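Secondary and tertiary structure notes
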Amino acid sequence: AQSVTQLGSHVSVSEGALVLLRCNYSSSVPPYLFWYVQYPNQGLQLLLKYTSAATLVKGINGFEAEFKKSETSFHLTKPSAHMSDAAEYFCAVSVGFQGAQKLVFGQGTRLTINP
Amino acid sequence: DTGVSQDPRHKITKRGQNVTFRCDPISEHNRLYWYRQTLGQGPEFLTYFQNEAQLEKSRLLSDRFSAERPKGSFSTLEIQRTEQGDSAMYLCASSLKETGSFGPGTRLLVL
């Protein structure tokens, strides 16, 4: 069964510093992988997705993620953190069934940006 | 594209009461999903519709929960005899292909 593990429930970085949020997946088939961001009391916004094309995926707001099959990882990075990046981030793997894709999410990583 | 909308955004109810939530997907999307998110956790899949057909239900969806999508457009999620453990954010998503758009969610608090 597909699953996702996010390492670190809480990450804190200084403004301007590198952001690294870790995600490892388990999948018996080539996975589709996603990163979502959630601001307080809001729904989920897609940051980026991997669908078996380029292994380095660029997303919105300067984020990118690299798919590494050998490490079963899909870590999210941003070179320089901004205060507006403070939010909850979720990694997800899709499970295909009946022509659709349901998502299995990790537990989330809360990102705090220090001024 | 007006996005996925959900109503109400917040609901407070007493234990034992019934509640109903509505989701309006993006108009051309034929697939609709419901997820539940409890505090400090990632969303968990509840159920999925393709057009008006409910094609899968999670084991999380007890017999107190029912979802419908009568005309293949909007969907409703009803919880009967609510329990405190039902307190959560209920998220709706819709899609044409593999990537969906999420609505803002309905936050339910059962007292």
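To start, this report covers the structure provided alongside it. Along each chain, residues carry numbers from 1 onward, in the same order as the chain's sequence is written. Chains and ligands are labelled by the order in which they are written, letters from A for the one and numbers from 1 for the other. pLDDT decides what is reported in this predicted model: residues at 70 or higher carry local features, side-chain atom pairs at 80 or more are listed and counted, and totals for whole chains, interfaces and linings draw on all residues regardless. In computing side-chain values, all of the structure's heavy atoms are included and hydrogens and water are not.

Some details on the sheet that holds strand β7 (residues 65–68) of chain B
Residue and element names in this part refer to chain B. In this scheme, strands are said to pair when DSSP sees at least two bridges between them. Only DSSP runs of H or I with at least four residues qualify as helices, and only runs of E with at least two residues qualify as strands; both kinds are numbered from the N terminus onward. With antiparallel pairing, 4 strands are arranged side by side in an open sheet as β1-β3-β8-β7. Edge positions in the sheet fall to β1 (5–7) and β7, since each of these pairs with one other strand and no more. For this sheet, the mean angle separating the axes of adjacent strands, direction not counted, is 15°. Working convention: axes come from line fits to C-alpha atoms, limited for helices to the stretch in contact. Angles between N-to-C directions cover 0 to 180 degrees.

So, the interface of chain A and chain B
Listed as interface residues are 22 residues of chain A and, on the opposing side, 23 residues of chain B. Reported buried area values correspond to the accessible surface (1.4 Å probe) lost by two parts on association, with both partners' losses combined. In total, about 1800 Å² of surface goes out of reach between chain A and chain B, with carbon and sulfur atoms giving 53% of it. Each salt bridge in this description consists of a side-chain nitrogen of Lys or Arg and a carboxyl oxygen of Asp or Glu lying within 4 Å of one another. At the junction of chain A and chain B, the tally comes to 1 salt bridge. The salt bridge partner of Glu56(B) is Lys102(A), with a shortest N-O separation of 2.7 Å. Any pair of nitrogen or oxygen atoms within 3.5 Å is treated as a polar contact; in protein, a donor-acceptor pairing is required on top of that, and neighbouring residues in sequence qualify only through side-chain atoms on both sides. The tally of links between chain A and chain B comes to 4 residue pairs in polar contact (both at pLDDT 80 or more). Here the side of chain A that touches chain B gets 5 residues from one element, more than from any other, and that element is strand β10 (residues 100–105) of chain A. Side-chain classes follow a simple rule in which Ala, Val, Leu, Ile, Met, Phe, Trp, Tyr, Cys and Pro form the nonpolar group, Asp, Glu, Lys and Arg form the charged group, and the remainder, Gly included, forms the polar group. Partitioning the side of chain A that touches chain B into residue classes produces 10 nonpolar, 10 polar and 2 charged. It only takes one pair of heavy atoms within 4.5 Å for two residues to be counted as in contact.

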